[in-house]
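Survey of secondary and tertiary structure
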Amino acid sequence: DAGVTQSPTHLIKTRGQQVTLRCSPISGHKSVSWYQQVLGQGPQFIFQYYEKEERGRGNFPDRFSARQFPNYSSELNVNALLLGDSALYLCASSYTPAGSYEQYFGPGTRLTVT
Amino acid sequence: SQQGEEDPQALSIQEGENATMNCSYKTSINNLQWYRQNSGRGLVHLILIRSNEREKHSGRLRVTLDTSKKSSSLLITASRAADTASYFCATDVTGGSYIPTFGRGTSLIVHP
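Let me sum up the structure you'll find in this document. (Residues numbered from 1 in each chain as written. Chains lettered and ligands numbered in written order. Predicted model: local features only at pLDDT ≥ 70, side-chain atom pairs only at ≥ 80, totals over all residues. Heavy atoms only, no water.)

Some thoughts on the overall build of chain B
Stated formally: Helix numbering and strand numbering both begin at the N terminus, where a helix is a DSSP run of H or I of at least 4 residues and a strand a DSSP run of E of at least 2. Each radius of gyration reported is based on C-alpha atoms, and the globular scaling rule is 2.2 Å times the count of residues to the power 0.38. Residue contacts are counted whenever heavy atoms from the two residues lie within 4.5 Å of one another. The charge count treats Lys and Arg as positive and Asp and Glu as negative. His and the chain ends do not count. Positions of charges follow a simple convention, taking NZ of Lys, CZ of Arg, CG of Asp or CD of Glu.
A count of helical and extended segments in chain B gives zero helices and eleven strands. Scanning chain B from its N terminus toward the C terminus, one meets helices and strands in the order β-β-β-β-β-β-β-β-β-β-β. Computed over the C-alpha atoms, the radius of gyration of chain B is 13 Å, within 12% of the 13 Å expected from 2.2 N^0.38 for a compact globule of 112 residues. With the C-alpha coordinates of chain B rotated into their principal frame, the extents come out at 45 × 25 × 20 Å. Contacts spanning at least 24 positions in sequence make up 55% of the contacts within chain B whose residues lie at least 6 apart. When the 12 positive and 10 negative side-chain charges of chain B are each reduced to one mean point, those points stand 4 Å apart.

Overview of the interface of chain B and chain A
To be explicit about the condition: Buried area is a sum: the accessible area each of two parts loses on coming together, probed at 1.4 Å, counted once for each and added. Here a polar contact is taken to be a pair of N or O atoms separated by no more than 3.5 Å, where protein atoms must pair a possible hydrogen donor with a possible acceptor and residues adjacent in sequence count only if both atoms sit in side chains.
Contacts between the two partners involve 21 residues from chain B and, on the opposite side, 25 residues from chain A. Of the roughly 1,600 Å² buried between chain B and chain A, counting both surfaces, carbon and sulfur atoms make up 50%. On the surface where chain B and chain A come into contact, there are three residue pairs in polar contact (both at pLDDT 80 or more). At the level of elements, strand S4 (29–37), strand S5 (43–50), strand S9 (85–93) and strand S10 (100–102) of chain B are the ones that each hand at least two residues to the side of chain B that touches chain A.

Description of unusual backbone geometry
Peptide bonds are trans in most cases, and residues, glycine excluded, mostly fall at negative phi. Look at the link from serine 7 of chain A to proline 8 of chain A: it is a cis peptide, with omega at -10°. The omega torsion of the bond from aspartate 7 of chain B to proline 8 of chain B falls at 0°, within 30 degrees of zero and hence cis. Here proline 8 of chain B lies in the loop between strand S1 (4–7) and strand S2 (10–14). Positive phi, normally seen in glycine, also occurs at tyrosine 72 of chain A, with a value near 75°.

Section: the nonpolar core
Stated precisely, the cut-off is as follows: Joining through side-chain atoms within 4.5 Å is the link that ties buried Ala, Val, Leu, Ile, Met, Phe, Trp, Tyr and Cys residues into a set, and such a set is a nonpolar core. Think of it in three bands: residues with accessible area under 20% of the maximum for their type are buried, residues over 50% are exposed, and the middle band is partly exposed, with areas taken using a 1.4 Å probe on protein chains only.
In this structure, Trp34, Ile46, Leu76 and Tyr89 of chain A are the most contacted members of the largest nonpolar core, which totals 22 residues. Of all elements in the fold, only strand S3 (19–24), strand S4 (31–37), strand S5 (44–50), strand S7 (64–68), strand S8 (74–78), strand S9 (87–94) and strand S11 (109–113) of chain A reach the threshold of two or more residues within this core.

Quick word on the packing of aromatic side chains
Worth spelling out the cut-off: Classification of ring pairs uses Phe, Tyr and Trp, with its six-membered ring standing for Trp, and accepts pairs whose centres are within 6.5 Å; under 30 degrees between planes counts as stacked, over 60 as edge-to-face, and the remaining range as tilted.
Going through the model one piece at a time under the given rule, you end up with eight aromatic pairs over all chains. Centre to centre, the rings of phenylalanine 105 of chain A and tyrosine 35 of chain B are 5.5 Å apart; their planes meet at 85°, and the pair counts as edge-to-face. One end of the pair, phenylalanine 105 of chain A, is in strand S10 (residues 104–105); the other, tyrosine 35 of chain B, is in strand S4, on a second chain. You'll find phenylalanine 105 of chain A and tyrosine 35 of chain B in the same group, each marked buried. Centre to centre, the rings of tyrosine 35 of chain B and phenylalanine 102 of chain B are 5.3 Å apart; their planes meet at 50°, and the pair counts as tilted.

Some remarks on the side chain of serine 73 of chain A
Residue and element names in this part refer to chain A. Inspection of the secondary structure puts serine 73 in the loop between S7 and S8. Its relative accessible area of 13% is what places serine 73 among the buried residues. At a separation of 2.7 Å, a polar atom in the side chain of serine 73 contacts the side chain of asparagine 71. The contact partners of serine 73, leaving out residues within four places of it in the chain, are Cys23, Ser24, Pro25, Arg67 and Gln68.

What follows is the structure in structure tokens.
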């Protein structure tokens, strides 16, 4: 079976622009979580969706939003990009809400804001 | 602040030696997970240990959990150069909404 896939792999944006990142979970997984990882730090939780409903939200501004589609894929949107948004964005899927069971991570999207 | 904090921040050993890294956390947890990350890529799940468990093994990996001390350790025996990676612990806080919180990680370098 295919693992978690994310697109695009790399992205360069300018301050003030908007970006959409995409994630496809492992087949059968109904929970998707998004993380931001700044260089040298651990992943920071942004959102979790389960069965298309938001189940958790981390300490991120309203510029960050996400949604989950009926096929359980997910999008992360970031508006009004700041230089500090430059990071590796990781998507993880699990069968049930993250934490109860192991998460499977995608390779990430490297976002650079200039 | 991070719920889980790994120690040491960096560890450098020779192939064949054992590597031990620790994770401390602040509040009661449901479970604790260890992950590995190679060169800024996606994380790979290693072991999940639940709060009512004290030790788990997986191949060359051994994880212990001491809930009274709010700490966990990951032991990699007979390390290999391929074990070179960053290792993170992630805790799931009791009463929380199943959100794993990651520490800053331990950077392990295994010299051939």
